[in-house]
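Commentary on secondary and tertiary structure
Read off the chains here:
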Amino acid sequence: DAPKFLLREDHAGLWHADGALSDARTARSWIVKFPRSPRAADRLVLEAEAPYYRVAARLGARVAGPVTWEQDSLFIPRFDRPSVQGHIARLGMESLCSLAGVSDFGVSIAKEVLASAVARFVSDPARELREFLFRDVLDVALGNTDNHARNTAVLKREDRWIELTPLYDFAPMVLDPQGIARVCRWRAEQDGYPIWGAVAEALDPLGLDVGTSKRWLHEMADAIAELPSIMRDEGVPQRVVDTLEPRIGRVARALAEVHT
């Protein structure tokens, strides 16, 4: 729902509409994203999105180039349009909704179904399933409730390697005044919070070893507990940190209770 522009930046730092500049003159390709409305709450959510990527990167998630918040606008470098020596690659990008064979818009799809689609199509299922699980831990802890199946995708590289794209549309949507619900859920969830041990067991048949993933989830508890401090370090607005701190604590405790 947030308005967006597709822009290109030339080698002199000037901006052009996406179709108005040749590849040879393009230094970088961008998406510029604006708040969903003039409301302060919508501005706060978008402002938090830039430091949210830095927080995710600190914890080890797959994140693309730096995202910048400037003049009420979010400047996002396009990871599907890398530019190298005058050549702009046009990498294929396909949502998990499409990978799972679902054509309906905005429907709830079980996370197990999405994980199965990931395991079927990516080049390294164990690595990508771990990234998929890691992102869900971050989504739950950091209140990114807008987790529909088009907000995660795979990238098809020129060497035919297929993997999850870098993180995108990652923001504290739980603060949105419209009440954005967590659409895609694990079958083992309670009040919107996954039962992490059961999630690890569900991923085992898909290629992510249950013992390894349970140990990893258990060990992640300390890093999640440190999120409020990391968020402050990375410039997340204090109101966002204060609102999400109880939620983060709940997720950290649940991870610590995962039996290895």
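Below is a summary of the structure that appears in this document.

What counts, and where the lines are drawn
- Residues numbered from 1 in each chain as written.
- Predicted model: local features only at pLDDT ≥ 70, side-chain atom pairs only at ≥ 80, totals over all residues.
- Heavy atoms only, no water.
- Pairing = 2+ DSSP bridges.
- Helix = DSSP H or I, 4+ residues; strand = E, 2+ residues; numbered from the N terminus.
- Axes fitted to C-alpha atoms, helices over the stretch in contact; angles between N-to-C directions.
- Contact = heavy atoms within 4.5 Å.
- Parallel < 35°, antiparallel > 145°, perpendicular 65-115°, else oblique.
- Left-handed = near helix turned anticlockwise from the far one by under 90°.
- Nonpolar A, V, L, I, M, F, W, Y, C, P; charged D, E, K, R; others polar.

Across the sheet, which stays open at both edges, the five strands sit in the order β2-β1-β3-β5-β4 with antiparallel pairing between neighbours. Of all strands in the sheet, those with a lone pairing partner are β2 (15-17) and β4 (68-70), marking the two edges. Each strand of the sheet is rotated relative to its neighbour by a mean of 35°, with strand direction disregarded. Of the pairings in the sheet, the one linking strand β1 (residues 4-10) to strand β3 (residues 26-33) comprises seven bridges and is antiparallel in character. Paired with Leu7 across the bridge in β3 is Trp30. Across the face of the sheet, helix α1 (residues 40-59) comes into contact with β3, β4 and β5 (73-77) while running at roughly 140° to β4.

Take the packing of helix α3 (residues 111-121) against helix α4 (residues 125-142) next. Close contact between α3 and α4 brings their axes to 9 Å; oriented N to C, the two are set at 150°. When the axes of α3 and α4 are compared, the pair comes out roughly antiparallel. For α3 against α4, the interelement crossing comes out right-handed. Across the interface between the two elements, Lys111, Leu114, Ala115, Val118 and Ala119 of α3 pack against Pro125, Glu128, Leu129, Phe132 and Asp136 of α4. Counted by class, the contact of α3 with α4 contains seven nonpolar, no polar and three charged residues.

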